[in-house]
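Here are the chains, one letter per residue:
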Amino acid sequence: MSDEGQGMHIAVYPGSFDPITNGHLDVIERARHLFGRLIVAVAVDAGKQHLFDVAERVAMAQEACRDMPQVQVDSFEGLVVEYARSRGAVAIVKGLRAVSDFEREMQMAMMNRCLAPELHTVFLVAHTEYTFLSSSLVKEVARLGGDIEDLVPAVVCRCLREKYGIPQL
Ligand code: ADP
């Protein structure tokens, strides 16, 4: 698979990205080289409570992926498989942190195979450095004034401080 031109494969990496963390970026970094093109797909999911609205989540992900030419950030509503099909993707990429992720992700992958047998789900195992990292934990630590600089891209650090009224460094 080449990074550009013919023969490249499109993969979709779906999630809430509320906000994007270094754990997500590690998955993106590896997936963009495995596939020729990666679409980071930010779920609108109106049924979920998000700290950042979809436009903010997309903007932060775009800024974080600015220097990755194979990566595009988009938002989507509805079924991941329908979105992936509409973009001509061959695969859905998911990150696995721990056994706790596995059960839920496996169930979802099987359901997605039922819905769209032609789409592959590809699991990338989280870097050991980031297995503990989740968007919700980052938000919690930031809200309580903890240091999150090594856990998220700079843009997210700025946005979280702004959201929680914490002075910028
Ligand atoms: P969360 O599961 O924290 O709410 P998302 O819904 O945005 O986050 O997650 C999108 C995808 O990224 C999922 O496949 C999830 O397992 C994966 N992911 C989240 N955090 C990490 C991490 N630290 N390392 C690897 N993958 C991760």
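The structure contained in this document is the topic of the report that follows. (Residues numbered from 1 in each chain as written. Predicted model: local features only at pLDDT ≥ 70, side-chain atom pairs only at ≥ 80, totals over all residues. Heavy atoms only, no water.)

1. Here's the deal with helix H6 (residues 154–163)
Part 1 of the argument: When we look at burial in H6, the residues that qualify are Val-155, Val-156, Cys-157, Leu-160 and Arg-161.
Part 2 of the argument: Those residues of H6 that are buried lie in contact with helix H2 (54–64) and helix H5 (135–143). (Buried < 20%, exposed > 50% of the residue type's maximum accessible area, 1.4 Å probe, protein only. Helix = DSSP H or I, 4+ residues; strand = E, 2+ residues; numbered from the N terminus. Contact = heavy atoms within 4.5 Å.)

2. Looking at helix H4 (residues 99–115)
Part 1 of the argument: Here H4 is 17 residues long and its end C-alpha atoms lie 25 Å apart, about the 24 Å a rise of 1.5 Å per residue gives.
Part 2 of the argument: Listing the buried residues of H4 in full gives Asp-101, Glu-105, Ala-109 and Asn-112.
Part 3 of the argument: For H4, the elements touching its buried residues are helix H3 (80–86), strand S4 (91–96) and strand S5 (120–125). (Expected span 1.5 Å × (residues − 1).)

3. Structural notes on the packing of H2 against H6
Part 1 of the argument: Packing of H2 against H6 leaves a shortest axis separation of 9 Å and a crossing angle of 150°. Between H2 and H6, the angle falls in the class roughly antiparallel. Side by side, H2 and H6 meet where Glu-56, Met-60, Glu-63 and Ala-64 of the first sit next to Val-155, Val-156, Cys-159 and Lys-163 of the second.
Part 2 of the argument: Here the residues of the contact of H2 with H6 sort into five nonpolar, no polar and three charged. (Axes fitted to C-alpha atoms, helices over the stretch in contact; angles between N-to-C directions. Parallel < 35°, antiparallel > 145°, perpendicular 65-115°, else oblique. Nonpolar A, V, L, I, M, F, W, Y, C, P; charged D, E, K, R; others polar.)

4. Some points on the site of the ligand
Part 1 of the argument: Surveying the vicinity of the ligand reveals 18 residues, the closest of which are Tyr-13, Phe-17, Gly-95, Tyr-130 and Leu-133.
Part 2 of the argument: At 2.7 Å, a side-chain N or O of Tyr-13 approaches an oxygen atom of the ligand.
Part 3 of the argument: Within the backbone of Tyr-130, a nitrogen or oxygen atom sits 3.0 Å from a nitrogen atom of the ligand.
Part 4 of the argument: When atom positions are compared with the pocket grids, the ligand is found to occupy the largest pocket.
Part 5 of the argument: Looking at the shell around the ligand residue by residue, the classes come out as seven nonpolar, seven polar and four charged. (Near = heavy atom within 4 Å. Polar contact = N/O pair within 3.5 Å; in protein donor to acceptor, adjacent residues only side chain to side chain. 1 Å grid on protein atoms, 1.4 Å probe; cavity = no way out; pocket = protein on both sides within 12 Å on 5 of 7 lines; lining within 4 Å. Sits in = over half its atoms within 2 Å of the grid points.)

5. Here we look at the nonpolar core
Part 1 of the argument: In this structure, Ile-20, Ile-28, Leu-38, Val-93 and Ile-148 are the most contacted members of the largest nonpolar core, which totals 35 residues.
Part 2 of the argument: Elements with a contribution of two residues or more to this core: strand S1 (10–15), helix H1 (22–34), strand S2 (37–43), H2, strand S3 (71–76), S4, H5 and H6.
Part 3 of the argument: Setting aside residues no more than four positions away along its own chain, Ile-28 makes contact with Tyr-13, Ile-20, Leu-38, Val-40, Cys-65, Met-68 and Val-71.
Part 4 of the argument: If you look at the next biggest cluster of nonpolar residues, it comprises 13 residues, including Ala-41, Tyr-83, Ala-116 and Leu-119. (Core = buried A, V, L, I, M, F, W, Y, C linked by side-chain atoms within 4.5 Å.)

6. Thoughts on the side chain of Asp-18
Part 1 of the argument: Turning to its location among the elements, Asp-18 is positioned in the loop between S1 and H1.
Part 2 of the argument: Engagement of the side chain of Asp-18 in a polar contact is seen with the backbone nitrogen of Leu-51, the distance being 2.8 Å.
Part 3 of the argument: In this structure Asp-18 touches Gln-49, His-50, Leu-51, Phe-52, Arg-57, Ser-135 and Lys-139, once residues within four positions along its chain are discounted.

7. Observations concerning a nonpolar patch on the surface
Part 1 of the argument: On the surface, Leu-79, Met-111 and Leu-115 cluster together into a nonpolar patch covering about 280 Å² of accessible area.
Part 2 of the argument: For Leu-79, a relative accessible area of 47% corresponds to the partly exposed category. (Patch = residues over 30% accessible without salt bridge, like charges linked within 9 Å, V, L, I, M, F, W, Y side chains within 5 Å. Areas by Shrake-Rupley, 256 points an atom, 1.4 Å probe, with all protein chains shown as cover. Salt bridge = Lys/Arg side-chain N within 4 Å of Asp/Glu carboxyl O.)

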